[in-house]
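These are the residues of each chain, in order.
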Amino acid sequence: MAEDKILEVKNLQKHFRVGRNKTVKAVDGVTFDIYRGETFGLVGESGSGKSTTGRTIIRLYDATGGEVKFNNEDVHGKKSKEELLKFNRKMQMIFQDPSSSLNPRMTVMDIIAEGLDIHNLVKNEKERKERVEELLEVVGLNKEHASRFPHEFSGGQRQRIGIARALAVEPDLIIADEPISALDVSIQAQVVNLLKKLQKERGLTYLFIAHDLSMVKYISDRIGVMYLGNLVELADSDELYNNPIHPYTKSLLTAIPLPDPEYERNRKRVPYDPSVHDTSEVPEFREIRPRHWVRCTKKEFEQYKKELENE
Ligand code: ADP
Ligand code: MG
């Protein structure tokens, strides 16, 4: 049976006009699917276009080109207010920096209830309060927190508030844009564990964005690697770790710290050298093994295949 696709992204492009005659091709032809219930990790260094991809999928930006389907329905193109509201409810976003994504002048109650209000999900004030208090407990905070303001919380707690806000409208897909990057390492695992627990309990699907592979490895079912607006490799997590093919993926993998001091002393990040590529034609996304895709030319494809066989 074919896996159930919740999201289909085809040849997505988002170009920004900067100044009078400069264009930044932040996302330039990205294609991937996300299956219902999985965690899809999107990885790449800063500036590779990860946030723009997430924001365009969710329609915070209009796409320059390409297609996004959510539950088999077109997300982009002309939409009625009701249709947009429906997408907006079923796809939610969690941001990297909870202090700038939470309105400092709103109480936690009003922040979390915002979606409930917009989508008319509660009948009265009492129900509104109960729902918010319940959500606070679901994310590991408590109901006394409802009357406070964002600045009264730690970074990890603020991220929990952001998670509660997203959960309030009962989404199917959550796009988490570097949700742990701004947190202390000791807090990161707690937030990741919370996200995993919620996923299990609620059947959520995640697009989890990160700038390195260290945490993503443990939480993703599949991973896409982004470089300068394009996906360069996509595979099941284990396959990507055990058999990375694209030189950029290999370079990212050498940047993961290991709990071995001896190894860490000698570890060097292998830099990525884009000049190693064959330039005889425009590279395409090709399936080199079942479910394992790599962006390459035909010539590189043959070369990568040989490398895989010789392992
Ligand atoms: P990432 O999330 O991987 O760090 P971004 O998606 O934020 O990457 O950015 C990708 C590229 O697009 C960068 O070169 C960035 O400067 C540019 N960019 C992002 N947002 C805008 C914008 N609103 N206007 C102009 N350029 C932008
Ligand atoms: Mg980003």
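Just so you know, these numbers come straight off a predicted model, no measurement behind them. (Residues numbered from 1 in each chain as written. Chains lettered and ligands numbered in written order. Predicted model: local features only at pLDDT ≥ 70, side-chain atom pairs only at ≥ 80, totals over all residues. Heavy atoms only, no water.)

Moving on: the overall build of the chain. Check the secondary structure of the chain and you find 12 helices and 12 strands. Taking the principal axes of its C-alpha atoms as reference, the chain extends roughly 65 × 55 × 50 Å. Residues counted as buried form 47% of the 311 residues belonging to the chain. Nonlocal contacts in the chain, meaning residues at least 24 apart in sequence, comprise 63% of its contacts between residues at least 6 apart. Just so you have it, the chain exposes about 16,100 Å², and 48% of that area is on carbon and sulfur atoms. Counting 48 positive and 50 negative side-chain charges, the chain places the centres of these two groups 3 Å from one another. (Helix = DSSP H or I, 4+ residues; strand = E, 2+ residues; numbered from the N terminus. Buried < 20%, exposed > 50% of the residue type's maximum accessible area, 1.4 Å probe, protein only. Contact = heavy atoms within 4.5 Å. Areas by Shrake-Rupley, 256 points an atom, 1.4 Å probe, with all protein chains shown as cover. Lys, Arg positive; Asp, Glu negative; His and termini not counted. Charge placed at Lys NZ, Arg CZ, Asp CG, Glu CD.)

What the largest pocket holds in volume is close to 470 Å³. Around the largest pocket sit 18 residues that line it, and Leu 60, Asn 88, Met 91, Gln 92 and Met 93 are the ones nearest its centre. Contributions of two or more residues to the lining of the largest pocket are made by α2 (81-90), β6 (91-94), α4 (108-118) and α6 (155-167). For the lining of the largest pocket, the per-class residue count stands at 11 nonpolar, 4 polar and 3 charged. Of the volumes computed, that of the second largest pocket is approximately 380 Å³. Lining the second largest pocket we find 23 residues, and of these Asp 212, Ser 214, Met 215, Ile 256 and Pro 257 sit closest to its centre. (1 Å grid on protein atoms, 1.4 Å probe; cavity = no way out; pocket = protein on both sides within 12 Å on 5 of 7 lines; lining within 4 Å. Points joined across faces, edges and corners; volume = space filled by probe spheres on them. Nonpolar A, V, L, I, M, F, W, Y, C, P; charged D, E, K, R; others polar.)

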